[in-house]
Structure formats: structure tokens, C-alpha cells
Amino acid sequence: MGSGLIALVFSQAPVTLRKYVQRMLESEGIIVEMEASPDDDGIVVAELSADFAVLASHAEKIGLKKRPREGPPRPFQIQDNDSYEPDATGHIFSESERLMLLWQIIHEIQANENDFEGFEPHQTLMAWLKKNGHLEDYFPLHNAETVDGFLRDVSITRPWLSDDIIERLHDYFGDRIALYFAFLSTYTTCLVTYSFFGAIMFGLSFMPELKPILSLAVAMFSSWWSTWTLQRWYQKNVRLIFDWRGIILGDRTDELLFEKRLVEDIRLEFIGEMGQDEITGKERPVTSPEDASQRGRFSFIVMGLYFIFAAGVIFSLFAFEDVVKAWAADEDDEVWADP
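What counts, and where the lines are drawn
- Residues numbered from 1 in each chain as written.
- Predicted model: local features only at pLDDT ≥ 70, side-chain atom pairs only at ≥ 80, totals over all residues.
- Heavy atoms only, no water.
- Helix = DSSP H or I, 4+ residues; strand = E, 2+ residues; numbered from the N terminus.
- Buried < 20%, exposed > 50% of the residue type's maximum accessible area, 1.4 Å probe, protein only.
- Contact = heavy atoms within 4.5 Å.
- Areas by Shrake-Rupley, 256 points an atom, 1.4 Å probe, with all protein chains shown as cover.
- pLDDT = per-residue confidence, 0-100.
- Axes fitted to C-alpha atoms, helices over the stretch in contact; angles between N-to-C directions.
- Parallel < 35°, antiparallel > 145°, perpendicular 65-115°, else oblique.
- Left-handed = near helix turned anticlockwise from the far one by under 90°.
- Salt bridge = Lys/Arg side-chain N within 4 Å of Asp/Glu carboxyl O.
- Patch = residues over 30% accessible without salt bridge, like charges linked within 9 Å, V, L, I, M, F, W, Y side chains within 5 Å.
- Lys, Arg positive; Asp, Glu negative; His and termini not counted.
- Charge placed at Lys NZ, Arg CZ, Asp CG, Glu CD.
- Phe/Tyr/Trp six-rings, centres within 6.5 Å; stacked < 30°, edge-to-face > 60°.
- Pairing = 2+ DSSP bridges.
- Expected span 1.5 Å × (residues − 1).
- Arc of directions from axis to C-beta.
- Polar contact = N/O pair within 3.5 Å; in protein donor to acceptor, adjacent residues only side chain to side chain.

To continue, consider the overall build of the protein chain. Helices and strands together make up the secondary structure of the protein chain, namely 10 helices and 8 strands. Within the protein chain, the proportion of its 339 residues that are buried is 32%. Of the contacts made within the protein chain by residues no fewer than 6 positions apart, 57% connect residues no fewer than 24 positions apart. If you sum the accessible surface of the protein chain, you get close to 21,900 Å²; carbon and sulfur atoms cover 59% of it.

Set out below in C-alpha cells:
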């Protein structure tokens with residue numbers, strides 16, 4: 001044992017029932033390896049795996065979308081398997097895809113309601129085993145070699161996640177977890193910029209006369225940094241979703257939302273020149289470099305006026321604060337001056 005993708009843990013299940021489950025799984029092409037607990041407590045663990053033919057058949061059945069060596073993602077077909085790039089282990093399906101395919105296969109197996117008592121029509125085998133307490137638990141298994149590789153490449157001394165590591169996380173864990181780590185990596189990188197600025201502000205904070213200027217600088221830099229960070233993540237998020245588009249399985253709603261947000265409809269009033277979209281690589285009207293430069297200059301002027309206005313408000317508040325303190329000091333002097 002040790003090469004399985006999913007583990008089933010049987011608790012006090014009769015031998016006849018375990019053999020029945022093994023026979024049902026093997027009838028679907030699933031490889032089953034069973035091993036009893038050495039503690040003689042009735043626990044039996046079954047490791048499940050499947051060869052390429054079984055996984056490929058199910059992938060074609062559900063229309064699994066994969067990106068070939070050339071071209072956009074398309075529904076997988078067995079006769080086109082040579083057009084896909086295999087991973088380091090020689091599989092054209094990533095580890096997350098193999099796990100997902102096998103997980104779907106075992107959850108679609110329906111047993112004959114006449115084989116055992118308690119089977120309901122259209123009830124899956126896994127649901128019946130869990131409901132009747134024969135199955136203690138079932139869960140996916142980690143690949144120790146892959147996990148060790150992640151631990152070697154990501155550590156305290158090497159905390160940054162490169163694009164290669166993000167792709168490996170995607171192949172192993174799937175889209176959502178890979179996006180989570182991609183966001184953390186982007187956010188942490190952006191925090192480095194803020195930390196340098198914060199260190200400079202901390203050093204200058206020991207000069208009380210600079211307090212108004214420092215407050216304005218922190219407000220302006222925080223506004224710019226927040227916008228820059230969000231825009232940087234948005235661009236990276238769109239690029240990753242485009243690279244992985246069509247393989248977000250099990251949640252069609254998310255896939256449709258991603259696709260809708262990825263390629264926006266061209267506005268009828270949009271005036272541009274034909275060029276290559278930087279995300280999709282397709283020909284479509286895009287903003288010319290001259291227009292983009294003009295918009296940048298206009299935005300710079302507008303933001304400059306905004307910051308001047310904000311500086312005036314902040315300095316006015318500080319000036320008013322000084323006036324209020326002077327008034328309070330005069331009132332205190334008058335109180336103490338009364339006999």
C-alpha cells in the first residue's frame with residue numbers, strides 16, 4: 001500500500017460486506033488494496049487508485065477541460081491524449097485532477113437495493129455505507145514525495161512563492177487553494193514596500209515638528225499603496241484564471257462568473273485600435289499607447305489636485321487644533337488668576 005489516492009476506513013464491517021464493496025469498486029475499474037489494522041480492533045483500511053484508462057474515460061464523460069500544448073482549453077477526448085503535456089510523473093492529468101476524477105467515480109456507484117437490507121432507490125454505495133456506520137471515514141491521501149518537495153522549496157529562509165511553485169500547487173491542490181497562496185504571495189510582496197515606508201516614517205516620528213507632514217504622507221501613501229496592491233492582485237488573478245480557465249470543476253457558477261469577468265463585452269462607444277489583448281492574446285480593439293499615456297497624465301493631475309485639497313484640509317485641522325489648545329490654555333490661566 002502507499003500509492004492510493006483515496007482511503008476508506010471500515011469499522012466493524014462484516015467480511016462479506018467489505019468483499020461486496022471491493023467487488024463493486026473493481027467493477028468500475030478501481031484498484032483496491034485492503035489492509036487490516038494490526039491492533040485487531042476491526043479497522044480495515046482500503047486504498048483506492050485507478051489507471052489512466054478509467055480516469056480518461058470519466059474525464060471524457062464529464063467533459064473535463066484541459067489546456068493542450070497549443071490552443072485554448074477544450075473538453076478532453078481520449079483520442080487526443082497525445083496533444084497534452086504530461087507532468088513530471090508522466091501523467092497528463094494533474095494530481096488534483098486524478099483525485100477529483102476518482103472521487104466522482106466512487107460517489108456515482110449505485111448498489112443494487114436487493115443486495116443488502118436498507119438500500120434505498122438511487123442511493124449511492126458510499127452514502128449507504130456512511131449512513132449505516134460501516135464506513136468510519138474516507139478521505140484523500142497525500143503524495144509524500146510531492147509534499148516533501150513543497151516543504152523543501154517553501155520555508156522560512158525561502159518564503160517567496162514563484163510562479164513555478166504556484167503552478168505546482170495548482171496541479172496538486174487545485175484552483176482554489178492555489179489562488180489562495182497566489183494572493184498571499186502577492187500581498188506579502190506588496191507589504192515589503194509598505195514596510196520600508198513605515199520604517200522611514202517611524203524614524204521621522206521622533207521629530208514633533210514633522211507631525212502634520214508625516215500624517216499627510218501616511219494618508220497619501222496608504223491610499224496609493226492600497227490601489228496599487230488591489231490592481232496588482234487583480235491583474236495576476238485574471239492571468240491565472242485565464243491560464244486555468246475551463247478546469248474549475250464541480251462549480252459551474254464560479255466558472256461562468258470567471259469567464260464573464262475575464263472577457264468584457266466591447267462597449268459600442270469604445271474607440272480604439274486593433275491590437276493583441278494582453279490577457280487572452282486575441283485580436284480586439286484596445287487602447288492605444290498614446291491614449292493610455294494621456295489618461296495617465298490626466299489621472300496624475302486629478303490626483304495631484306485631490307492631494308492638494310486633502311493637504312489643505314489636514315493642515316487646517318492641525319491649525320484649528322492649535323487654536324483650541326491656545327483657547328484652553330487661556331481659560332486655565334484665567335481660572336488660576338482668580339482670587
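What follows picks up the thread again.
Taken over all residues, the pLDDT of the protein chain has a mean of 78, while the share at 70 or more is 81%. Counting interchain partners and residues more than four positions distant, the pLDDT-below-50 stretch residues 246-255 has 16 contacts. Segment residues 258-266 is flagged for pLDDT under 50; beyond a separation of four residues in sequence, or across chains, it makes 14 contacts in the model.

Running from N to C, helix H7 (residues 175-204) and helix H8 (residues 211-244) point in directions that differ by 160°, and their axes come no closer than 10 Å. Taken together, the axis directions place H7 and H8 in an arrangement best described as roughly antiparallel. The hand of the H7/H8 crossing is right-handed.

On to the pattern of salt bridges. A complete count under the given rule lists 4 salt bridges for this structure. The partner of Lys-61 in a salt bridge is Glu-108, and the shortest N-O contact between them spans 3.4 Å. One end of the pair, Lys-61, is in helix H2 (residues 52-62); the other, Glu-108, is in the loop between helix H3 (95-107) and helix H4 (125-131), and 47 residues separate them in sequence. Between Asp-164 and Arg-168 there is a salt bridge; the shortest N-O distance is 3.9 Å. Placement of both Asp-164 and Arg-168 in helix H6 (residues 163-173) is noted, with a separation of 4 residues, approximately one turn of the helix. Looking at Arg-168, the relative accessible area reads 27%, which means it is partly exposed.

Another point: a negative patch on the surface. Judged by side-chain charge, Asp-163, Glu-167, Asp-171 and Asp-243 come together as a negatively charged surface patch. It is H6 that provides the largest number of residues to the negative patch, a total of 3 residues. Among the secondary structure elements, Asp-171 is positioned in helix H6.

Bringing the side chain of His-134 into the picture now. Within the secondary structure, His-134 is located in the loop between H4 and strand S6 (135-140). Residue His-134 is classed as buried on the basis of its relative accessible area of 19%. Ignoring sequence-local partners within four residues, the contact set of His-134 consists of Val-9, Phe-10, Ser-11, Ala-13, Pro-14, Leu-17, Trp-128 and Leu-129.

A word on the environment of Met-34. Residue placement: Met-34 occurs in strand S2 (residues 30-36). With relative accessibility at 29%, the residue Met-34 sits in the partly exposed group. Sequence spacing of Met-34 and Val-45 is 11 residues, and the spatial spacing of their C-alpha atoms is 5.7 Å.

Before going further, it helps to spend a moment on the packing of aromatic side chains. Under the counting rule described, the total for this entry stands at 18 aromatic pairs. On the basis of an interplanar angle of 25° and a centroid distance of 6.1 Å, the ring pair of Phe-150 and Phe-173 is categorised as stacked. Of the two residues, Phe-150 sits in helix H5 (residues 144-153) while Phe-173 sits in helix H6, which places them 23 residues apart along the sequence. Judged by its relative accessible area of 33%, Phe-173 falls in the partly exposed class. Taken together through their ring pairs, the aromatic side chains of Phe-183, Tyr-187, Tyr-194, Phe-197, Phe-221, Trp-224, Trp-225, Trp-228 and Trp-233 make up a single cluster.

The strands that make up a sheet pair up through hydrogen bonds in the backbone, lying either parallel or antiparallel. Taken in spatial order, the 4 strands of this open sheet run S2-S3-S1-S6, and their pairing is antiparallel. Two strands lie at the open edges of the sheet, namely S2 and S6, each paired on one side alone. Averaged over all pairs of adjacent strands, the angle between their axes in this sheet comes to 20°, without regard to strand direction. Judged from the 5 bridges that link them, strand S1 (residues 6-11) and S6 form a sheet pairing that is antiparallel. Within the sheet, the bridge partner assigned to Ala-7 lies in S6 and is Phe-139.

In a regular helix each residue adds 1.5 Å, so 13 residues correspond to 18 Å; helix H1 (residues 15-27) covers 18 Å between its end C-alpha atoms and thus fits that length. Of all the positions in H1, only Leu-17, Arg-18, Tyr-20, Val-21, Met-24 and Leu-25 are classed as buried. Projected onto a plane normal to the axis of H1, the buried residues spread over an arc of 160° and lie on a single side. Exposed residues pointing more than 90 degrees away from the buried face of H1 are listed as Thr-16, Lys-19, Arg-23 and Ser-27. On its buried side, H1 packs onto S1, S2, strand S3 (43-50), H3 and H4. Downstream of H1 by one or two residues, Gly-29 has phi in the positive range, about 90°.

Structurally, Arg-98 is set in helix H3. By relative accessible area, Arg-98 is classed as buried at 9%. A polar atom in the side chain of Arg-98 sits 2.7 Å from the backbone oxygen of Phe-93. Leaving out residues up to four positions away in the same chain, Arg-98 has contacts with Leu-5, Leu-55, Asp-87, Thr-89, His-91 and Phe-93.

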